[in-house]
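Topology and contacts: notes
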Amino acid sequence: MAGNPERRAALVDAGIEVLAREGARGLTFRAVDGEAGVPTGTASNYFTSREDLLRQIDTRLHVRLAPDPEVMATLLRRPRDRSLVRAFMQDIMDRATRDRTGYLALLEMRLEATRRPELLASFTKSVRGDLEQGIEFHRQSGLPGGDETVTVLYLAMLGLILEHLTLPGVLDGVLDGVGVPEGLVDRIVTTIVPEG
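As a starting point, this report considers the structure included with it. This is a predicted model, so every value here is computed, not measured.

1. A look at the overall build of the protein chain
- For the protein chain, the count of helices and strands is ten helices and zero strands.
- Helices and strands appear in the protein chain in the N-to-C order α-α-α-α-α-α-α-α-α-α.
- Oriented by its inertia axes, the alpha-carbon framework of the protein chain measures out at about 55 × 35 × 30 Å.
- Across the 196 residues that make up the protein chain, the buried fraction comes to 41%.
- Expressed as a percentage of contacts within the protein chain between residues at least 6 apart in sequence, the contacts between residues at least 24 apart total 67%.
- Positive and negative charge centroids in the protein chain, built from 24 and 29 side chains respectively, lie 3 Å apart.

Written out as structure tokens, the structure is:
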């Protein structure tokens, strides 16, 4: 197993690009090598199997899509009210838009997990961990609403991100005068999060 961490990271990022563009069926070592611009056979020196590559993509996606600590620190200086929750949800939407490829790869991982029991177990654990971390963050930060609020926000934002990244025309003009995605983020938060 090759040990160059920078090369491994570049190959994983290339795998994310391939996964987002071609889906799981197109995710081959040869395709990853081509995307990374390295000699054929390089990826097979870094990953023991396709499953190993998928697990490392899962780990890398959680790093790529994580909130910026400086943005979080700035937001946490604000009052703990609905407008702060709105700002957090807008940050999620902004990150999804900025790293569209990462989010599309994450969606592909969800689909692939339905076909691979070994991936289903590990991916379920990592996504459930993210949800539990979000619930705990909400509690510790003193934001309005409780666990149910966070769970419903999670589901609503996941749906908005899915539509916005895959079929953006579906939501355009669906609500008069409500912009996509910013206006819909506002409507989601206003509908779900209590004021106090």
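2. With respect to the pattern of salt bridges
- Under the defined criterion, the tally for this structure stands at 15 salt bridges.
- For aspartate 147, the salt bridge identified is with arginine 139, shortest N-O distance 2.5 Å.
- Each of Arg50, Glu51, Glu112, Arg115, Arg116 and Glu118 takes part in salt bridges that share partners, so that together they form one network.

3. Examining unusual backbone geometry
- For the bond from valine 180 to proline 181, the omega torsion is 0°, close enough to zero to count as cis.
- Looking at the element boundaries, proline 181 is found in the loop between α9 (147-166) and α10 (182-192).

4. Quick look at the side chain of threonine 149
- Here threonine 149 lies in helix α9.
- Under the relative-accessibility criterion, threonine 149 is labelled buried at 11%.
- Leave out the neighbours within four places in its chain, and threonine 149 touches Pro144, Ile192, Val193 and Pro194.

5. Brief notes about the nonpolar core
- Core analysis: the largest hydrophobic core is formed by 52 residues, its most contacted members being Leu27, Ile57, Leu61, Met89, Met109 and Leu160.
- With near-sequence residues (within four places) excluded, methionine 89 lies in contact with Leu153, Met157, Val185 and Val189.

6. Description of the packing of helix α1 (residues 5-22) against helix α4 (residues 50-64)
- Between α1 and α4, the least distance of the axes is 10 Å, while the angle of their chain directions is 90°. Relative to α4, α1 is oriented roughly perpendicular. The segment α1 lies against α4, with Arg8, Val12, Asp13, Gly15, Ile16, Glu17 and Leu19 engaging Gln56, Ile57, Arg60, Leu61 and Arg64.
- Of the residues in the contact of α1 with α4, the class split is five nonpolar, two polar and five charged.

Cut-offs used in this document
- Residues numbered from 1 in each chain as written.
- Predicted model: local features only at pLDDT ≥ 70, side-chain atom pairs only at ≥ 80, totals over all residues.
- Heavy atoms only, no water.
- Helix = DSSP H or I, 4+ residues; strand = E, 2+ residues; numbered from the N terminus.
- Buried < 20%, exposed > 50% of the residue type's maximum accessible area, 1.4 Å probe, protein only.
- Contact = heavy atoms within 4.5 Å.
- Lys, Arg positive; Asp, Glu negative; His and termini not counted.
- Charge placed at Lys NZ, Arg CZ, Asp CG, Glu CD.
- Salt bridge = Lys/Arg side-chain N within 4 Å of Asp/Glu carboxyl O.
- Core = buried A, V, L, I, M, F, W, Y, C linked by side-chain atoms within 4.5 Å.
- Axes fitted to C-alpha atoms, helices over the stretch in contact; angles between N-to-C directions.
- Parallel < 35°, antiparallel > 145°, perpendicular 65-115°, else oblique.
- Nonpolar A, V, L, I, M, F, W, Y, C, P; charged D, E, K, R; others polar.

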